[in-house]
Amino acid sequence: SQKIEQNSEALNIQEGKTATLTCNYTNYSPAYLQWYRQDPGRGPVFLLLIRENEKEKRKERLKVTFDTTLKQSLFHITASQPADSATYLCAAILTGGGNKLTFGTGTQLKVEL
Amino acid sequence: DAGVIQSPRHEVTEMGQEVTLRCKPISGHNSLFWYRQTMMRGLELLIYFNNNVPIDDSGMPEDRFSAKMPNASFSTLKIQPSEPRDSAVYFCASSLMSQGNEQYFGPGTRLTVT
């Protein structure tokens, strides 16, 4: 079956380091992937979208890559700050899904001083 | 724009009672989505509408759940009768209807069924 998966273990890193989060998909090839940020008690907030024909997309300290061979997207936050601490979700439309997004379970990031 | 508006923000009810959650999407958006989020199952799509028409309700858990969108600026999700296992945070999101367009989420309704 088609799946979109993220590492459920929390990621703890030191301030100033680069955080790298992984999103893997199996048994399909999405045309694009989206990344969202979710803070406790709030709804997800859209961050970036990357299409299958784009290798990399950047926005300020954020960078997303899309490797269709590995069936994986990586989400990087450079020069991380405690304010970057949140849960990050990847999402994609499965084959035949119309405009319905399927979300990964999210990875919690904690940036420590 | 005020963003997606949901009400109530918190709802505590007893098992067997009817619960109605409300959503006002962003003006101009023509797709609306209802999600449920729990620790165990993450963020799950329940149903979505394009141009006020339900397109996919395969995520609706059972007949106790129903959703309507009578016009472009209002949608409801109803649970009748409610059960303790329905306790979760329910999010409404809206977007422009084309593949790839980002979704804008409301603040959610935290539902507790005792």
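Residues numbered from 1 in each chain as written. Chains lettered and ligands numbered in written order. Predicted model: local features only at pLDDT ≥ 70, side-chain atom pairs only at ≥ 80, totals over all residues. Heavy atoms only, no water.

**Student:** What should I look at first to understand the overall build of chain B in this one?
**Tutor:** Looking only at helices and strands, chain B has zero helices and 11 strands in total. Counting from the amino terminus, helix and strand elements in chain B follow one another as β-β-β-β-β-β-β-β-β-β-β. Radius of gyration (C-alpha) of chain B: 13 Å, near the 13 Å computed for a compact globule of 114 residues. Referenced to the eigenvectors of the C-alpha coordinate spread, the extents of chain B come out at roughly 40 × 30 × 30 Å. In chain B, which comprises 114 residues, the proportion classed as buried is 46%. For chain B, the proportion of contacts with a sequence separation of at least 24, taken over those separated by at least 6, is 55%. Summed over all atoms, the accessible surface of chain B reaches about 5600 Å², with 50% contributed by carbon and sulfur. In chain B, which carries 10 positive and 12 negative side-chain charges, the distance between the mean positions of the two groups comes to 3 Å. (Helix = DSSP H or I, 4+ residues; strand = E, 2+ residues; numbered from the N terminus. Rg over C-alpha atoms; globule rule 2.2 N^0.38 Å. Buried < 20%, exposed > 50% of the residue type's maximum accessible area, 1.4 Å probe, protein only. Contact = heavy atoms within 4.5 Å. Areas by Shrake-Rupley, 256 points an atom, 1.4 Å probe, with all protein chains shown as cover. Lys, Arg positive; Asp, Glu negative; His and termini not counted. Charge placed at Lys NZ, Arg CZ, Asp CG, Glu CD.)

**Student:** Is there a simple way to explain the overall build of chain A in this structure?
**Tutor:** Of the regular secondary structure elements, chain A holds zero helices and 11 strands. Along the chain direction, N to C, the helices and strands of chain A fall in the order β-β-β-β-β-β-β-β-β-β-β. Scaling as 2.2 N^0.38, a compact globule of 113 residues should have a C-alpha radius of gyration of about 13 Å, and chain A matches this with 14 Å. Counting across all 113 residues of chain A, residues that qualify as buried make up 44%. Of the contacts formed within chain A by residues at least 6 apart in sequence, a portion of 53% connects residues at least 24 apart. Carbon and sulfur atoms make up 46% of the accessible area of chain A, which totals about 5800 Å². On chain A, the mean spot of the 14 positive side-chain charges and the mean spot of the 11 negative ones are 3 Å from each other.

**Student:** Whenever I open this one, the sheet that holds strand 1 (residues 5–7) of chain B confuses me. Can you help?
**Tutor:** Each strand in a sheet pairs with its neighbour through backbone hydrogen bonds, running either in the same direction (parallel) or in the opposite one (antiparallel). Residue and element names in this part refer to chain B. Read across the sheet, four strands follow the order 1-3-8-7 without closing on themselves; strand pairing throughout is antiparallel. Each edge of the sheet is formed by a strand with only one pairing partner; in this case those strands are strand 1 and strand 7 (65–71). Across the sheet, the axes of successive neighbouring strands diverge by a mean angle of 15°, strand direction being ignored. Here three bridges tie strand 1 to strand 3 (residues 19–24), and the two strands are oriented antiparallel to one another. If you follow Gln-6 over to strand 3, its bridge partner there is Cys-23. (Pairing = 2+ DSSP bridges. Axes fitted to C-alpha atoms, helices over the stretch in contact; angles between N-to-C directions.)

**Student:** Explain the interface of chain A and chain B to me, please; I cannot follow it from the model alone.
**Tutor:** Many structure descriptions define interface size as the accessible area lost when the parts assemble. Each side of the interface is counted separately: chain A has 17 residues, and chain B has 21 residues. Summing both partners gives a buried area of about 1500 Å² for chain A against chain B, and 52% of it is carried by carbon and sulfur. Summed over the shared surface of chain A and chain B, the number is one salt bridge. Taking the shortest distance from any N to any O, the salt bridge between B:Asp56 and A:Lys100 comes out at 3.0 Å. (Buried area = accessible area lost by both parts, 1.4 Å probe. Salt bridge = Lys/Arg side-chain N within 4 Å of Asp/Glu carboxyl O.)

**Student:** Hey, could you run me through the state of the cysteines in this one?
**Tutor:** Any covalent bond linking the sulfur atoms of two cysteines counts as a disulfide. One pass over the structure, following the stated rule, counts two disulfides over all chains. In this model, A:Cys23 is linked to A:Cys90 through a disulfide, with the two sulfur atoms separated by 2.0 Å. Residues A:Cys23 and A:Cys90 are joined through a disulfide that is right-handed, its torsion about the S-S bond being 70°. In this pair, A:Cys23 sits in strand 3 (residues 19–26) while A:Cys90 sits in strand 9 (residues 86–93), placing the two residues 67 residues apart along the sequence. Of the two residues, A:Cys23 and A:Cys90, neither departs from the other in class, the shared state being buried. There is a disulfide in this structure between B:Cys23 and B:Cys92, and the S-S distance comes to 1.8 Å. Across the S-S bond of B:Cys23 and B:Cys92 the torsion is about -65°, and the bridge reads as left-handed. (Disulfide = S-S within 2.5 Å.)

**Student:** Help me understand the pairing of strand 5 (residues 42–50) of chain B, please; the structure alone is not making it clear to me.
**Tutor:** All names here are of chain B. In terms of residue burial, strand 5 counts as a mostly covered element, since nine of its nine residues are buried. Here strand 4 (residues 31–38) pairs with strand 5 via eight bridges, running antiparallel. Directly across from Ser-31, in strand 5, lies its bridge partner Asn-50. In this sheet, strand 6 (residues 53–56) lies alongside strand 5 in antiparallel orientation, the contact comprising three bridges. Across the sheet, residue Tyr-48 finds its bridge partner in strand 6, namely Asp-56. Connecting strand 5 to the next strand, strand 6, in antiparallel fashion are two residues, including Asn-51 with a positive phi near 50°.

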